[in-house]
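Spelled out from the first residue to the last, the chains are:
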Amino acid sequence: MRAQQWDIIKSAITDLNAPWLLLGDLNFIMDACEKSGGNKVSQTQLDNNRDLIEMAGLYNLPFSGNIMTCSNRRHGAELIQERLDRALGNDSWFNYFPNSHVFHLAPIGSDHSPILVTTARNNCPTKKPRKFNKCWLRDPQCKDIIGNINRELELLHAEGVVDSNDTRLIVLHEKLDYWNKIQADFYSQRAKDDMLNFDDKNSANFHTRANHRKRRSQIECI
């Protein structure tokens, strides 16, 4: 990224708190996979480009289509392709338009592919698996259920009921297995969510990160 180009970007975002989008031929790449053919861009330059974008508080919009948006339209060893066209948004943009998406269209009469940004997408109604919320396990009643099952098993054992085919034992063990699986899911969820502080769940940063996580989990095309 040229210094003059970066200066223009910095001057545009100074004291700007509104949602905004940087869109078009930005003439730089952010990863080695965004260029094919020609001279390689040094890792130092790639790191500098990413650092500058991060300092500006910008993020890539998710996209569909060919990753390469620019070509010198040559053939064989002379062919050079790059991802020079992109859309970058700030936190406010993603808060206002969490479903925004970029489509890389087919190039027609140009060495650049047109890119189309949509701010709202059609939500396909899909059935989501029912998921046990770990907050439920914090309810004392949930722990009481597990404790009651264990106590009932102890009472039956004390009465000499040890036959594994006894209906009462079968039912209690099935319940215990069910709640043990829920407990395992709880710890699995907690391992994933430890990065999110529950004290900050109403902060703008929490919702921004949640939106980013949601976008990453979407499958755009196969």
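What comes next concerns the included structure. What you see is a predicted model, and the numbers here were worked out from it, not measured in a lab. (Residues numbered from 1 in each chain as written. Predicted model: local features only at pLDDT ≥ 70, side-chain atom pairs only at ≥ 80, totals over all residues. Heavy atoms only, no water.)

**A short note on the overall build of the protein**
Counting secondary structure elements, the protein contains 7 helices and 9 strands. Among the 222 residues that make up the protein, the fraction classed as buried is 31%. A separation of at least 24 residues holds for 64% of the contacts in the protein among residues at least 6 apart in sequence. (Helix = DSSP H or I, 4+ residues; strand = E, 2+ residues; numbered from the N terminus. Buried < 20%, exposed > 50% of the residue type's maximum accessible area, 1.4 Å probe, protein only. Contact = heavy atoms within 4.5 Å.)

**Details of the nonpolar core**
In terms of nonpolar packing, the biggest core is built from 13 residues, with Leu-22, Ile-53, Leu-58 and Leu-88 touching the most fellow members. Among the secondary structure elements, those contributing two or more residues to this core are α1 (3–13) and α2 (43–55). Take this core: its biggest share by element is 3 residues, from α1. Ranked by size, the runner-up nonpolar core spans 10 residues in total, among them Ile-146, Leu-153, Leu-172 and Leu-176. (Core = buried A, V, L, I, M, F, W, Y, C linked by side-chain atoms within 4.5 Å.)

**Thoughts on the pairing of strand β8 (residues 101–104)**
Bridge count between strand β4 (residues 63–64) and β8: 2 bridges; the pairing is parallel. In the strand pairing of β8, Phe-63 is matched with Val-102. Two elements, β8 and strand β9 (residues 115–118), share 4 bridges in a ladder whose sense is antiparallel. What sits directly across from Phe-103, in β9, is Leu-116. (Pairing = 2+ DSSP bridges.)

Everything listed here is a matter of coordinates, which is why it stays silent on function.
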